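Close look at the chain arrangement
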Amino acid sequence: MNKPGLQPSLKGRALRLLSQREHSRSELERKLSQYEEVPGELAKALDELQARDFINDGRAVDSVVNRRSGKLGSARIKQELAAKGLSGEAVAEAMADLKDSELSRAQEVWQKKFGCAPQDPQARAKQMRFLLSRGFNAEVVRRTVPGTE
């Protein structure tokens, strides 16, 4: 436990956040910048953690994809990755992998939420809006919701 008046170091705060889940470097910068007392101190601490592979953007991408792919479509996952400051080759590769399973994931989400064909156009529209709001593309939604083909 910390002694009264003794604040954890930036590296300690970063390690605590990383122990809870994977974070991108930009996420850590955003969360910890308010605690930086000396300019450059945060960058130095994050450089050290990155050099020791505690911060790894590839793992952060994999973590988001694994956590969210069972509930969300590719568009929403890509949006979350961008919000975390992740981009580049790892994100592009993850998006390509998700595109292959988009239809089956949409069908699983639809089955879990609704489980039966819509009885009228209003119910069909509701089911379609639900899947669209989860980030599945329109073609996948059309193929998933019964009666829309």
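Look above for the structure.
Quick look at the structure, then. (Residues numbered from 1 in each chain as written. Predicted model: local features only at pLDDT ≥ 70, side-chain atom pairs only at ≥ 80, totals over all residues. Heavy atoms only, no water.)

1. A look at a negative patch on the surface
Put simply, the rule is: Like charges within 9 Å and nonpolar side chains (Val, Leu, Ile, Met, Phe, Trp, Tyr) within 5 Å are joined into patches, using only residues over 30% in relative accessible area that form no salt bridge. Per-residue and other accessible areas follow the Shrake-Rupley method at a 1.4 Å probe size, with only the shown protein chains counted as cover for residues. Throughout this description, the term salt bridge denotes a Lys or Arg side-chain nitrogen within 4 Å of a carboxyl oxygen of Asp or Glu. Only four residue types enter the charge count: Lys and Arg as positive, Asp and Glu as negative, with His and the chain ends excluded. For this purpose, a charge sits on NZ of Lys, CZ of Arg, CG of Asp or CD of Glu. Helix and strand assignments come from DSSP, with helices taken as H or I runs of at least 4 residues and strands as E runs of at least 2, each series counted from the N terminus.
On the surface, D62, E89, E93, D97 and D100 cluster together to form a negatively charged patch. Tallying contributions element by element places helix 6 (residues 89-113) first for the negative patch, with four residues. Mapped onto the fold, D62 is located in helix 4 (residues 57-68).

2. Some points on the packing of helix 6 against helix 7 (residues 121-133)
Stated formally: Lines fitted to C-alpha atoms define the axes, with helix axes restricted to the stretch in contact, and inter-axis angles between N-to-C directions lie between 0 and 180 degrees. Between 65 and 115 degrees an angle is taken as roughly perpendicular, under 35 as roughly parallel, over 145 as roughly antiparallel, and anywhere else as oblique. Two helices crossing with the near one rotated counterclockwise from the far one by less than a right angle form a left-handed crossing, whereas a clockwise rotation gives a right-handed crossing. Note on definitions: a residue-residue contact is assigned when non-hydrogen atoms from the two residues lie within 4.5 Å. Each residue gets one of three labels, nonpolar for Ala, Val, Leu, Ile, Met, Phe, Trp, Tyr, Cys and Pro, charged for Asp, Glu, Lys and Arg, and polar for the others, Gly among them.
Look at helix 6 against helix 7: their axes get within 11 Å of each other, and the N-to-C directions meet at 130°. Relative to helix 7, helix 6 is oriented oblique. Between helix 6 and helix 7 lies a crossing of right-handed hand. Residues A106, V109, W110 and K113 of helix 6 touch helix 7, and the partners they reach there are Q127, F130 and L131. Looking at side-chain class alone, the contact of helix 6 with helix 7 contains five nonpolar, one polar and one charged residues.

3. A look at the packing of aromatic side chains
Filter applied, for reference: The aromatic pairing rule takes the rings of Phe, Tyr and Trp, using the six-membered ring of Trp, and pairs them if the centres are within 6.5 Å, calling planes under 30 degrees apart stacked, those over 60 edge-to-face and the rest tilted. Definition used: whenever NZ (Lys) or CZ (Arg) falls within 6 Å of the ring centre and also within 35 degrees of the ring normal, the charge is taken to sit over that ring.
For the structure on display, the rule yields one aromatic pair. For the cation-ring pair, R13 lies above Y35, with the distance from its terminal atom to the ring centre recorded as 3.7 Å.

4. A look at the side chain of R25
Position of R25 among the secondary structure elements: in helix 2 (residues 25-32). Once you skip the residues sitting within four places of it in the chain, R25 turns out to touch A43, L46, D47, Q50, I55 and D57.

5. Concerning helix 3 (residues 41-51)
This is how the line gets drawn: For every residue, the accessible area (1.4 Å probe, protein chains only) is compared with the maximum for its type, and the residue is labelled buried under 20%, exposed over 50%, or partly exposed between those bounds. Working note: the arc is built from the helix axis to C-beta atom directions.
For helix 3, the full list of buried residues reads L42, A45, L46 and L49. When helix 3 is viewed along its axis, its buried side chains cluster within an angular range of 95° and face the same direction. Exposed side of helix 3, more than 90 degrees from the buried face: K44 and A51 are the residues found there. Residues of helix 3 that are buried in the fold lie against helix 1 (10-20) and helix 2. Phi turns positive one or two residues past the end of helix 3, at D53, with a value near 65°.

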